[in-house]
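Chain by chain, the residues:
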Amino acid sequence: MSNYYKECIEEIENMMNTGDYESASIKVKEELSMPYIPKDFEEKLLVYEKQLLMFEAQKKLSDDEIDTYLEMDESHQLFAVKALRESNMREYPDLIQKGFDHAKSVFVTISLIEACIGQQLNEEFHIVKDGMDITFIPAACVNPSDSEGVETSIEFMHSWLENENPSLLNLCIQCLYKEAYLHLPFEIDEDESEACAYEIVMYVSSMMGCENEMKKLLSEKKASQKGGFELLLYSNTI
């Protein structure tokens, strides 16, 4: 490793040792953005990057820092959402709306929606999701863990898979919750719960390579796709 890279490492370590994490983070990002990086130097930079993210996650953010983080990348936005979640969110409607307006990913959006629902906020918020303009009041929304539609879907899955394939059942339930979070601020209705459960089972079984076997099993169980259900998991990952 050349003297330049050794000096960079010493500079970054000195910044971190003195608590100047912001400067260290800027330096790490600058070096990682270079068109050529020696492999051993890049590996060290990636270690520093992870350490700096951990420091940021533990840091208690001021209102101004939350405001700044909401304009940054996904990781910083999630730190801002975490800080808002740990505060009295009723005091920050403008910051919350800014979070929705600047969200870099669906994960940031649903994390912020979930936090708002958790604190039962009565303010009206606006988001653009899946090409739709949506205005919602978090206190009027249902958390997926409390959704009757999700509970009914789980009951269908148990009736189909509990005895035949319990490990697949567990994977399906995990994916169902991911699907339910992707639907926020809306919920999965009870009248679409069976079709949702069916599609989730087929989604998971296709990933596991047992799609044909599962189609046969669901047919034997008289599982219904009535009404249909379009999974958001196909176009989103969380």
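Heads up: the structure comes first, above all this text.
Just so we're clear, the structure is a prediction, and the values are computed from it rather than from any experiment. (Residues numbered from 1 in each chain as written. Predicted model: local features only at pLDDT ≥ 70, side-chain atom pairs only at ≥ 80, totals over all residues. Heavy atoms only, no water.)

Enquirer: Is there a simple way to think about the overall build of the protein chain in this case?
Expert: When helices and strands are counted, the protein chain shows 11 helices and 2 strands. Each helix and strand of the protein chain, ordered N terminal to C terminal, gives the series α-α-α-α-α-α-α-β-β-α-α-α-α. For 238 residues, the compact-globule formula gives about 18 Å, and the C-alpha radius of gyration of the protein chain, at 23 Å, lies well above that figure. Across its three principal directions, the C-alpha atoms of the protein chain cover 70 × 45 × 30 Å. Counting every position in the protein chain, which comprises 238 residues, the buried fraction comes to 44%. Taking as baseline every contact in the protein chain between residues at least 6 positions apart, the subset at least 24 positions apart corresponds to 64%. Looking at the protein chain as shown, the accessible area adds up to about 13,300 Å², and 48% of this sits on carbon and sulfur atoms. (Helix = DSSP H or I, 4+ residues; strand = E, 2+ residues; numbered from the N terminus. Rg over C-alpha atoms; globule rule 2.2 N^0.38 Å. Buried < 20%, exposed > 50% of the residue type's maximum accessible area, 1.4 Å probe, protein only. Contact = heavy atoms within 4.5 Å. Areas by Shrake-Rupley, 256 points an atom, 1.4 Å probe, with all protein chains shown as cover.)

Enquirer: Just checking my understanding: could you explain the environment of Lys59 for this structure?
Expert: Mapping Lys59 onto the fold places it in the loop between helix H3 (39-58) and helix H4 (63-69). What makes Lys59 partly exposed here is its relative accessible area of 38%. The residues touching Lys59, leaving out its near neighbours within four places in the chain, are Glu65 and Tyr69.

Enquirer: How should the environment of Ala197 be read in this particular structure?
Expert: Mapped onto the fold, Ala197 is located in helix H10 (residues 193-208). On the accessibility criterion, Ala197 (0% relative accessible area) is buried. The sequence separation of Ala197 and Gly149 amounts to 48 residues, and the corresponding C-alpha distance is 10.0 Å. When neighbours within four sequence positions are excluded, Ala197 is seen to be in contact with Ser153, Phe156, Met157 and Trp160.

Enquirer: Where do I start with the pattern of salt bridges in this structure?
Expert: Oppositely charged side chains can form a pair if their charged atoms are brought close together. With the rule as written, the count across this model stands at 9 salt bridges. Its salt-bridge partner being Asp130, residue Lys129 comes within 4.0 Å of it at the nearest N-O pair. Taking relative accessible area as the criterion, Lys129 reaches 8% and is therefore assigned buried. What makes Asp130 exposed here is its relative accessible area of 52%. Between Glu164 and Lys221 there is a salt bridge whose closest N-O contact spans 2.9 Å. (Salt bridge = Lys/Arg side-chain N within 4 Å of Asp/Glu carboxyl O.)

Enquirer: Help me out: how do you make sense of the pairing of strand E1 (residues 125-129) in this one?
Expert: Where a strand is regular, its side chains alternate between the two sheet faces. Every second residue of E1 is oriented toward a common face, the buried set being Phe125, Ile127 and Lys129 and the non-buried set His126 and Val128. As defined by bridge partners, E1 adjoins strand E2 (residues 132-136) across 5 bridges and the pair is classed as antiparallel. Bridged to Phe125 within E2 is Phe136. Counted between consecutive antiparallel strands, the loop separating E1 from E2 contains 2 residues, among which Asp130 sits at a positive phi close to 55°. (Pairing = 2+ DSSP bridges.)

Enquirer: Could you clarify how one ought to interpret the layout of surface pockets in this entry?
Expert: Roughly 330 Å³ of internal volume is contained in the largest pocket. Lining the largest pocket we find 13 residues, and of these Glu22, Glu56, Lys59, Tyr69 and His76 sit closest to its centre. Sorting the residues of the lining of the largest pocket by element identifies helix H2 (21-32), H3 and H4 as the ones contributing at least two each. When the residues that make up the lining of the largest pocket are grouped by side-chain class, the tally is 5 nonpolar, 3 polar and 5 charged. (1 Å grid on protein atoms, 1.4 Å probe; cavity = no way out; pocket = protein on both sides within 12 Å on 5 of 7 lines; lining within 4 Å. Points joined across faces, edges and corners; volume = space filled by probe spheres on them. Nonpolar A, V, L, I, M, F, W, Y, C, P; charged D, E, K, R; others polar.)

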